[in-house]
Amino acid sequence: MTRRLRPWTVLESRELLDADPFLKVHVETVELPDGRVIPDYYQFDMPSFACIFAETEDGRAIVYRQYRHGPRRVNLTFPGGHLSPDEDPLEAARRELLEETGFASDHWTALGGYTVNANQGGAVSHMFHATGCRRIADAVSDDLEETEILFMTREELLAAVGQGEIALLTQIALVSMVWQNDIRTALSHRHR
């Protein structure tokens, strides 16, 4: 018999930091289903974002090499960016791909939206796979990062994964969704 689990009840929420649009921090008083009260459960509110595994018409993945301050190193990432308030995730993905790379696609697969941090909330990563991408404009990125755009074959990208060149969980998850079996093999070589 499966036990019915119940959600927590938020008794109070107080804003501690408002660095809109990038981050808000709240402290909540929550009541657990067993009646215990936790007076200081911290929550993050950050903008959700689209993350795109984009493949060109000849099957190469569009990848960036850029510095990311979270892992504090240069690594490989995929096109993507924050959703504007009330923006549809697919429309954001189309916009970000075009702005950041100059590429567009008529073939999109939504892979789902996933909360980035299980306990503190934060952003939702909306994952997409775009195929048959073709250049229709010049890239116009206003990001803080210096970016090198690469067009990697499946073998090159899997070798990069195996060498630890992707440092962000959302990026590894995206590759895994698209190339499930291949990514398992690449990662198993890394941990030998």
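Residues numbered from 1 in each chain as written. Predicted model: local features only at pLDDT ≥ 70, side-chain atom pairs only at ≥ 80, totals over all residues. Heavy atoms only, no water.

Peer 1: Looking at this structure, I do not really get the overall build of the protein. What am I missing?
Peer 2: Looking only at helices and strands, one finds four helices and 11 strands in the protein. Considering only C-alpha atoms, the protein reaches an extent of 60 × 40 × 35 Å along its principal axes. Here the protein holds 192 residues, and 36% of them are scored as buried. Once local pairs closer than 6 in sequence are excluded, the contacts in the protein between residues at least 24 apart make up 59%. Of the roughly 11600 Å² of accessible surface on the protein, a fraction of 51% belongs to carbon and sulfur atoms. The protein carries 19 positive and 30 negative side-chain charges, and their two centres are separated by 9 Å. (Helix = DSSP H or I, 4+ residues; strand = E, 2+ residues; numbered from the N terminus. Buried < 20%, exposed > 50% of the residue type's maximum accessible area, 1.4 Å probe, protein only. Contact = heavy atoms within 4.5 Å. Areas by Shrake-Rupley, 256 points an atom, 1.4 Å probe, with all protein chains shown as cover. Lys, Arg positive; Asp, Glu negative; His and termini not counted. Charge placed at Lys NZ, Arg CZ, Asp CG, Glu CD.)

Peer 1: Can you help me understand the pairing of strand E5 (residues 61-68) in this one?
Peer 2: Look at any regular strand and the pattern is simple: side chains alternate between the two faces of the sheet. Pairing analysis gives six bridges linking E5 to strand E11 (residues 147-152), with the strands arranged antiparallel. Following the sheet pairing, Arg 65 is matched in E11 by Glu 148. Taken together, the five bridges between E5 and strand E6 (residues 73-77) define a ladder with antiparallel strand orientation. The residue bridging Arg 65 from the neighbouring strand is Leu 76, located in E6. Turn length for the E5-E6 hairpin, with the two strands adjacent in sequence and antiparallel, is four residues, and the turn residue Arg 72 shows positive phi of about 60°. (Pairing = 2+ DSSP bridges.)

Peer 1: Would you mind going over the side chain of Ser 125 with me for this structure?
Peer 2: Relative to the elements of secondary structure, Ser 125 occurs in strand E10 (residues 121-135). Setting aside its immediate chain neighbours within four residues, Ser 125 contacts Phe 49, Cys 51, Gly 112, Gly 113, Tyr 114, Val 116 and Thr 170.

Peer 1: What exactly am I supposed to notice about the packing of aromatic side chains here?
Peer 2: Aromatic ring pairs are described here by two measures, namely the spacing of the ring centres and the angle between the planes. Per the stated rule, a full pass over the model turns up five aromatic pairs. Summarising the aromatic geometry, the rings of Trp 8 and Tyr 41 are spaced 5.1 Å apart at their centres and angled 85° between planes, so their arrangement reads as edge-to-face. Placement of Trp 8 in the segment before strand E1 (9-19) and of Tyr 41 in strand E3 (residues 37-45) is noted, with a sequence separation of 33 residues between them. Using a relative accessible area of 43% as the deciding quantity, one classes Trp 8 as partly exposed. Geometrically, the ring pair formed by Phe 53 and Trp 179 is edge-to-face, given 5.0 Å between the ring centres and 75° between the ring planes. Highlighted residues: Phe 53 in strand E4 (residues 49-56) and Trp 179 in the loop between helix H3 (169-178) and helix H4 (180-190), separated in sequence by 126 residues. A relative accessible area of 0% places Phe 53 in the buried class. (Phe/Tyr/Trp six-rings, centres within 6.5 Å; stacked < 30°, edge-to-face > 60°.)

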